[in-house]
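Architecture and fold: a report
Chain residues, written in single-letter form:
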Amino acid sequence: MSTTFQLDTATSRANPTPAPMKRLTVPQIQRRKFEGRTENPLVMLTAYTARQAQLLDPHCDLLLVGDSLGQVIYGLPSTLSVTLDMMIAHGAAVVRGSYHSVVIVDMPFGTYEASPQQAFAAASRIMAETGCAGVKLEGGQAMAETIAFLTARGIPVMAHVGLTPQAVNALGGYGARGKSQQEHEKIVADGVAVANAGAFAIVVEGVLEPIAIALTKTVEVPTIGIGASAQCDGQVLVTEDMLGMFERVPRFVKRYETIAETISNAAVRYAEEVRARAFPGVEQTYQPK
């Protein structure tokens with residue numbers, strides 16, 4: 001099967017071709033955990049553009065359009081300034097660029113916390129305007145009512161407990177959570193609450209490993225770790241961190257490439273050739289017949 005992707009400019013949706021398999025569904029993701037165990041761990045990465053989605057999609061079970069795009073794409077100091085319009089624009093691009101993975105879009109800060117009704121208005125807009133399979137929101141027991149409200153109305157919800165970046169000001173920073181017994185118990189209780197409310201999966205971020213293991217064993221839905229444990233039912237990373245796009249990355253990130261260096265080296269060679277008038281050459285210019 002060809003691995004070449006083409007954009008269909010004749011339609012309003014630029015879908016990668018060929019499409020050798022049907023898109024995974026939220027129920028299929030849920031069923032990957034059976035009798036408390038996931039034999040084939042779930043693979044999730046972030047994606048923000050159609051081309052990035054094309055490259056990641058064949059290798060992932062889920063693509064997360066994370067509000068981390070605020071920092072990664074827009075250079076913002078945190079996720080707090082990310083808007084609903086930004087998430088919708090990038091979410092639609094990722095859906096257009098994928099055919100296999102379940103696409104989940106983060107709900108940005110301030111679009112769901114006030115009430116279940118506020119959350120439904122924002123989530124339904126995300127679903128309708130992007131074509132994604134579900135939304136993700138941060139928070140534990142405090143968000144259980146909202147999760148139940150959304151799922152009862154046909155909106156799949158991925159929950160997020162532990163270190164919740166949108167609450168960084170209240171948490172006092174990005175340090176690992178669960179260092180006290182009280183906090184340990186709260187994180188597990190948060191996970192149980194969102195699972196019971198109907199979340200189809202739970203991102204567990206930045207917690208001491210025993211907490212991630214305990215929560216994974218306690219809830220029936222899949223847990224997806226980031227700075228948690230290999231014993232979670234799946235893993236997620238910010239793709240740019242995994243690719244080595246930034247000089248500083250969190251402790252829990254493993255760099256699989258050094259793409260920043262590759263880009264910088266290519267720019268150096270390009271600049272040298274332009275200044276030497278070596279580019280463009282005959283191959284890149286149009287000559288008279």
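Let me sum up the structure you'll find in this document. Residue numbering note: each chain is counted from 1, following its sequence as written. Restriction of local features to residues with pLDDT of at least 70 applies here, the model being predicted, together with a cutoff of 80 or more for giving and counting side-chain atom pairs; totals for whole chains, interfaces and linings are based on all residues. Side-chain numbers here rest on the full set of heavy atoms in the structure, without hydrogens or water.

1. So, the side chain of T46
What counts here: Strands here mean DSSP runs of E at least two residues long; helices mean DSSP runs of H or I at least four residues long; both are numbered from the N terminus. Whenever a nitrogen or oxygen atom comes within 3.5 Å of another N or O atom, the pair is scored as a polar contact, on the condition that within protein one atom can donate a hydrogen and the other can accept it, and that pairs from neighbouring residues in sequence are kept only if both atoms are in side chains. Whether two residues are in contact is decided by their heavy atoms, any of which lying within 4.5 Å being enough.
Positionally, T46 belongs in strand β3 (residues 42–46). In this structure the side chain of T46 is engaged in a polar contact, spanning 3.4 Å, whose partner is the side chain of Y48. Each residue touching T46, except ones within four places of it in the same chain, is listed here: Q52, L56, L64, S68, L237, V238, T239 and E240.

2. Focus on the layout of surface pockets
Quick note on the threshold: Throughout, the protein atoms alone are placed on a 1 Å grid, and a set of points is a cavity if a 1.4 Å probe fits but cannot get out or a pocket if it is open with protein on both sides within 12 Å along at least five of seven lines; lining residues have an atom within 4 Å of a point. Grid points are joined across faces, edges and corners, and a volume is the space filled by probe spheres set on the points. In the scheme used here, Gly and all other residues not listed as nonpolar or charged are polar, with Ala, Val, Leu, Ile, Met, Phe, Trp, Tyr, Cys and Pro taken as nonpolar and Asp, Glu, Lys and Arg as charged.
The computed volume of the largest pocket comes to approximately 930 Å³. The wall of the largest pocket is formed by 35 residues, among which E205, V238, D241, P250 and F252 lie closest to the centre. Those elements that provide at least two residues to the lining of the largest pocket are α3 (69–72), β6 (134–138), β8 (201–205) and β10 (234–237). Along the lines of polarity and charge, the residues of the lining of the largest pocket split into 18 nonpolar, nine polar and eight charged.

3. Let's talk about the nonpolar core
As a reminder, the rule being used: As used in this record, nonpolar core signifies buried Ala, Val, Leu, Ile, Met, Phe, Trp, Tyr and Cys residues forming a set joined through side-chain atoms within 4.5 Å. Burial classification: accessible surface area is computed with a 1.4 Å probe over protein chains only, and a residue below 20% of its type maximum counts as buried, one above 50% as exposed, and the rest as partly exposed.
Grouped together as the largest cluster of nonpolar side chains are 74 residues, with contacts concentrated most on L62, M158 and I202. If sequence neighbours within four positions are ignored, M158 has contacts with M44, L62, I104, V135, K136, L137, F200, A201, V203 and I224.

4. Quick look at the packing of helix α6 (residues 144–152) against helix α8 (residues 181–197)
Operational definition: A fitted line through C-alpha atoms represents every axis, and for helices the fit uses only the stretch in contact; the resulting angles, taken between N-to-C directions, go from 0 to 180 degrees. For this classification, under 35 degrees means roughly parallel, over 145 means roughly antiparallel, 65 to 115 means roughly perpendicular, and everything else is oblique. Should the near helix be turned anticlockwise from the far one by less than a right angle, the crossing is left-handed, and should it be turned clockwise, the crossing is right-handed.
α8 packs onto α6 with a crossing angle of 20° between their chain directions and a minimal axis gap of 8 Å. Taken together, the axes of α6 and α8 are roughly parallel relative to one another. Of the two possible hands of crossing, α6 and α8 adopt the one that is right-handed. When α6 is examined against α8, the residues A144, I147, A148 and T151 are found in contact with a partner set consisting of A193, V194 and A197. For the contact of α6 with α8, the residue count by class is six nonpolar, one polar and no charged.

5. Quick notes on the environment of A176
Structurally, A176 can be placed in the loop between α7 (168–171) and α8. Residues A176 and E209 lie 33 residues apart in sequence; the distance between their C-alpha atoms is 9.9 Å. Discounting residues that sit within four places of it in the chain, A176 has contacts with G206 and L208.

6. Focus on the pattern of salt bridges
Note on pairing: side chains with opposite charge can pair once their charged atoms come close. Cut-off, in case you're wondering: Any carboxyl oxygen of Asp or Glu that lies within 4 Å of a side-chain nitrogen of Lys or Arg is treated as forming a salt bridge with it.
Enumeration over the complete set of coordinates arrives at seven salt bridges. Linking K136 and D106 is a salt bridge whose minimum nitrogen-to-oxygen distance equals 2.8 Å. One end of the pair, K136, is in strand β6; the other, D106, is in strand β5 (residues 102–106), with 30 residues separating them in the sequence. The burial state of K136 is the same as that of D106; both residues are buried. Residue K186 pairs with D190 through a salt bridge whose shortest N-O separation is 2.8 Å. You can see K186 and its partner D190 sitting in helix α8, four residues apart, about one turn around the helix. Via salt bridges that share partners, D85, R125 and E129 belong to a single interconnected network.

7. Brief notes about the pairing of β3
How we decide: What makes two strands pair is DSSP finding at least two bridges between them. We call a crossover right-handed when, viewed with the strands running away from us, the connection from the first strand over the helix to the second turns clockwise.
Counting buried residues in β3 gives four out of five residues, a clear majority hidden from the surface. Two strands pair when backbone bridges link them, and β3 and β10 are joined in this way by four bridges, in the parallel orientation. When the bridges of β10 are listed, L42 appears paired with G234. For β3 and strand β4 (residues 62–65), the ladder comprises three bridges, and the chain directions are parallel. Across the sheet, residue T46 finds its bridge partner in β4, namely L64. Regarding topology, helix α2 (residues 50–56) serves as the crossover connection from β3 to the parallel β4, and that connection is right-handed.

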